[in-house]
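Structural overview
Below are the chains, spelled out letter by letter.
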Amino acid sequence: MSANSWTIAAARDALRKGEISATDLTMACLTAIDAADDLGAFVHKTPDIALEQARTAEARIKAGDAPSMCGIPLGIKDLFCTKGVPSQAASNILGGFTPEYESTVTTKLFEAGAVMLGKLNMDEFAMGSSNETSCYGNAVNPWKVDDRRLTPGGSSGGSAAAVAGDLCLAATGTDTGGSIRQPAAFTGIVGIKPTYGRVSRWGIVAFASSLDQAGPMTKTVRDAAIFLQAMAGHDPKDSTSADLPVPDFEAALTGDIRGKKIGLPREYRMEGMRAEIEKLWSDGAAMLRDAGAEIVDISLPHTKYALPAYYVIAPAEASSNLARYDGVRYGHRAKLAAGDGITEMYEKTRAEGFGKEVQRRVMIGTYVLSAGFYDAYYNRARKVRALIKRDFEQAFAAGVDAILTPATPSAAFGLGEMSSADPIEMYLNDVFTVTVNLAGLPGISVPVGLDKQGLPLGLQLIGRPWEEGDLLNHAYVLEQAAGFVAKPTKWW
Amino acid sequence: MSIDIDTARRVAKLARIRVEEADLPALAGELSGILTFMEQLNEVDVTGVEPMTSVTPMRLKRRKDEVTDGNIQSQVLKNAPDAREGFFAVPKVVE
């Protein structure tokens, strides 16, 4: 088995034992990346940085100073600012932007010895569920069942395609409404969105600041635990990052969930739910029951209102965050006509630089924050958000340890199949994941089975705030019981 | 809530995004569709509920009000589309 297909845990052990060098491991990934342009996953390749970091990691490993991520080759979502390397958030408005600084997450990963292979495709400004809004073009799902090219999901579509296609051992993602968990489910990998505040947002291009959280996308739950450990922790540069100790997440994987209470929210049993999703969900519940957990029915009564609340709050915050793209300090500036003033510069720059979906969300956000509508839309949505969070608090207060739901309403769909659809239809992809962002909770998607066409399907587990360790342990039990080992057949 | 063409034009103006006149009807239609979807929020009884300001009950950290950074003019200007003599350059703002 070629080293690029290894897990972080296997590579860590092999590196420490000297069975492979960090350079050889990195080369295996770089070779796989060069042969995978059809996947559209890596949009800026950084082989020189990777090999330099691999050599440094090698020296550290030889010296016996090897944290878990030392020498591990990763892909980095284009949303993370990386010093001297293009960081465009998949938008033309950031064309040519190369940050003079490094995001806190990548700084921590590099300090731990991780290797950056390059930057990964995504939906523009992380707005999308299919990676079709990217200025780089589509990322493509390594899974394929007929002639169609399928979406890897979004917004972290490049990250999901890269991990599922074994181009890297793992990748960073970010999740504002499901952007780690939905693509993870579509590609048969693991993705965790940590509790809001667990991971620093500093240096990550902002979409909706009260919802954004970065997290790992990996081949196994154990890898998610190792990777999250290296990303998490307090950062004085992000005032919303929590000053709480980061527990040993890998040590939490005991495989014992006897006596734990797992809630199945009845409101997630949506009208028109596909039979195979319903079966996957009840199979998952049976697996946790067999492992000694108690399965209980719970109610999260405001679930139905999560999507409309999200699509008020996220665009509102986005319209404010994206106001900074004005053609003055960085990125694209439109060519101006004689006599154009500063307003024309703003308007032409933003019309040229932002794609359709981003423009739509910025305008929706502008509208719901405008005089006369602020109370009717934005404040009402924030009140509903408080109720959604209270639903979860009441479930946890009643003794529920984790909540099990489907991760997505379907398996991956074909690229272009939703292009004529109403934007709302695309938004429905987030129906099971968006509540978790609104409530600031940790959520993880675990691959559990294949649909009848042979495409991966995932289940989501939702945990108590700051209890990522316990959540990962539940996910670990589900992963072991499901025994999902299917891999896409290489066609690229 | 239906958005007419004038409102769409005004929203585009507020957002500082140029939209051609010919594209305004389609934009108004799309925005109306999304806002209609949001109308569901009116079904919820929110009496006595405070709008959420922070998703985790945390007090934001404060730090000493002091300079921790600076003297990086060339780095600050490095990505500017137009920088001259140590400044960001823009079209004429004042007549």
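Residues numbered from 1 in each chain as written. Chains lettered and ligands numbered in written order. Predicted model: local features only at pLDDT ≥ 70, side-chain atom pairs only at ≥ 80, totals over all residues.

**Details of the overall build of chain A**
The secondary structure content of chain A amounts to 15 helices and 11 strands. Taken over C-alpha atoms, the radius of gyration comes to 21 Å for chain A, in line with the 23 Å a tight globule of 492 residues would show. If you line up chain A on its principal axes, its C-alpha atoms span 70 × 55 × 50 Å. Across the 492 residues in chain A, those meeting the buried criterion constitute 62%. A fraction of 77% describes how many contacts in chain A between residues 6 or more apart in sequence connect residues 24 or more apart. (Helix = DSSP H or I, 4+ residues; strand = E, 2+ residues; numbered from the N terminus. Rg over C-alpha atoms; globule rule 2.2 N^0.38 Å. Buried ≥ 20, exposed ≤ 12 C-beta atoms within 10 Å, placed from the backbone. Contact = placed C-beta atoms within 7 Å.)

**What about the overall build of chain B?**
A count of helices and strands for chain B gives 3 helices and 2 strands. Across chain B, helices and strands are ordered from the amino to the carboxyl terminus as α-α-α-β-β. In terms of C-alpha radius of gyration, chain B reaches 22 Å, well past the compact-globule figure of 12 Å for 95 residues. Projecting the C-alpha coordinates of chain B onto the three principal axes gives extents of approximately 55 × 45 × 25 Å. Across the 95 residues in chain B, those meeting the buried criterion constitute 16%.

**Observations concerning the nonpolar core**
Of all hydrophobic cores here, the largest spans 173 residues; its most connected members are A:Leu74, A:Val115, A:Cys168, A:Ala309, A:Val312, A:Leu461 and A:Leu472. No other element matches the 10 residues that helix α9 (residues 306–321) of chain A contributes to this core. The residues touching A:Val312, leaving out its near neighbours within four places in the chain, are A:Val368, A:Tyr377, A:Tyr378, A:Ala381 and B:Met38. (Core = buried A, V, L, I, M, F, W, Y, C linked by C-beta atoms within 7 Å.)

**Thoughts on helix α4 (residues 104–111) of chain A**
Three- or four-residue spacings in an α-helix give side chains the same orientation, since the helix completes a turn every 3.6 residues. Residue and element names in this part refer to chain A. The buried fraction of α4 is high, at 6 of 8 residues. Regarding α4, the residues found buried are Thr-104, Val-105, Thr-106, Lys-108, Leu-109 and Phe-110. Against the buried residues of α4 lie α3 (47–62), β2 (73–77), β4 (170–175), β6 (213–218) and α7 (221–231). Where α4 ends, the next residue or the one after it, Gly-113, has phi of about 95°, a positive value.

**Re the interface of chain A and chain B**
Contact residues are listed per partner, giving 58 residues for chain A and 38 residues for chain B. Secondary structure elements with two or more residues in the side of chain A that touches chain B: α9, α10 (342–353), α11 (356–369), α12 (374–397) and α13 (423–427) of chain A. By residue class, the composition of the side of chain A that touches chain B is 30 nonpolar, 13 polar and 15 charged. (Nonpolar A, V, L, I, M, F, W, Y, C, P; charged D, E, K, R; others polar.)

**A word on the confidence of the model for chain B**
All names here are of chain B. For chain B, mean pLDDT is 92; residues scoring 70 or higher make up 98% of the total. The least confident element of chain B, judged by mean pLDDT, is helix α2 (residues 24–38) at 94; the most confident is helix α1 (residues 5–14) at 97. In the predicted complex, the global pTM is 0.97; the interface-specific ipTM is 0.95. (pLDDT = per-residue confidence, 0-100.)

**Considerations on the sheet that holds strand β9 (residues 402–406) of chain A**
All names here are of chain A. Read from one edge to the other, the open sheet built from 11 strands follows the order β1-β3-β2-β4-β6-β5-β10-β11-β9-β7-β8, with strand pairing classed as mixed. In the strand order of this sheet, the two ends are held by β1 (42–45) and β8 (294–298), each with one partner. Neighbour-to-neighbour, the strand axes of the sheet open up by a mean angle of 30°, direction not taken into account. Pairing geometry for strand β5 (residues 190–193) and strand β10 (residues 443–450), over 3 bridges, is antiparallel. Looking at β10, one finds that Ile-192 is bridged to Ile-444. Lying on the sheet, α3 is in contact with β1, β2 and β3 (115–120); it crosses β3 at an angle near 155°. (Pairing = 2+ DSSP bridges. Axes fitted to C-alpha atoms, helices over the stretch in contact; angles between N-to-C directions.)

**So, unusual backbone geometry**
All names here are of chain A. Note the cis peptide between Gly-154 and Ser-155, where omega equals 10°. Tracing the chain through its elements places Ser-155 in the loop between β3 and α5 (157–164). Of note in this structure, Ala-90 is not a glycine but carries a positive phi near 55°. As for its position among the elements, Ala-90 is in the loop between β2 and α4. Given 33 C-beta atoms within a 10 Å radius, Ala-90 is considered buried.

**Re the packing of helix α8 (residues 275–290) of chain A against helix α15 (residues 468–482) of chain A**
Residue and element names in this part refer to chain A. Following both chains from N to C, one finds α8 and α15 inclined at 105°, their axes separated by 9 Å at the closest point. Overall, the two elements α8 and α15 adopt an arrangement that is roughly perpendicular. Of the residues in α15, those touching α8 at Gly-284, Met-287, Leu-288 and Asp-290 are Val-477, Leu-478, Ala-481 and Ala-482. (Parallel < 35°, antiparallel > 145°, perpendicular 65-115°, else oblique.)

**Observations regarding the pairing of β6(A)**
All names here are of chain A. In terms of burial, β6 is a largely internal element, 6 of the 6 residues being buried. The sheet contact formed by β5 and β6 spans 2 bridges and is antiparallel. Paired with Val-190 across the two strands is Thr-218, which belongs to β6.

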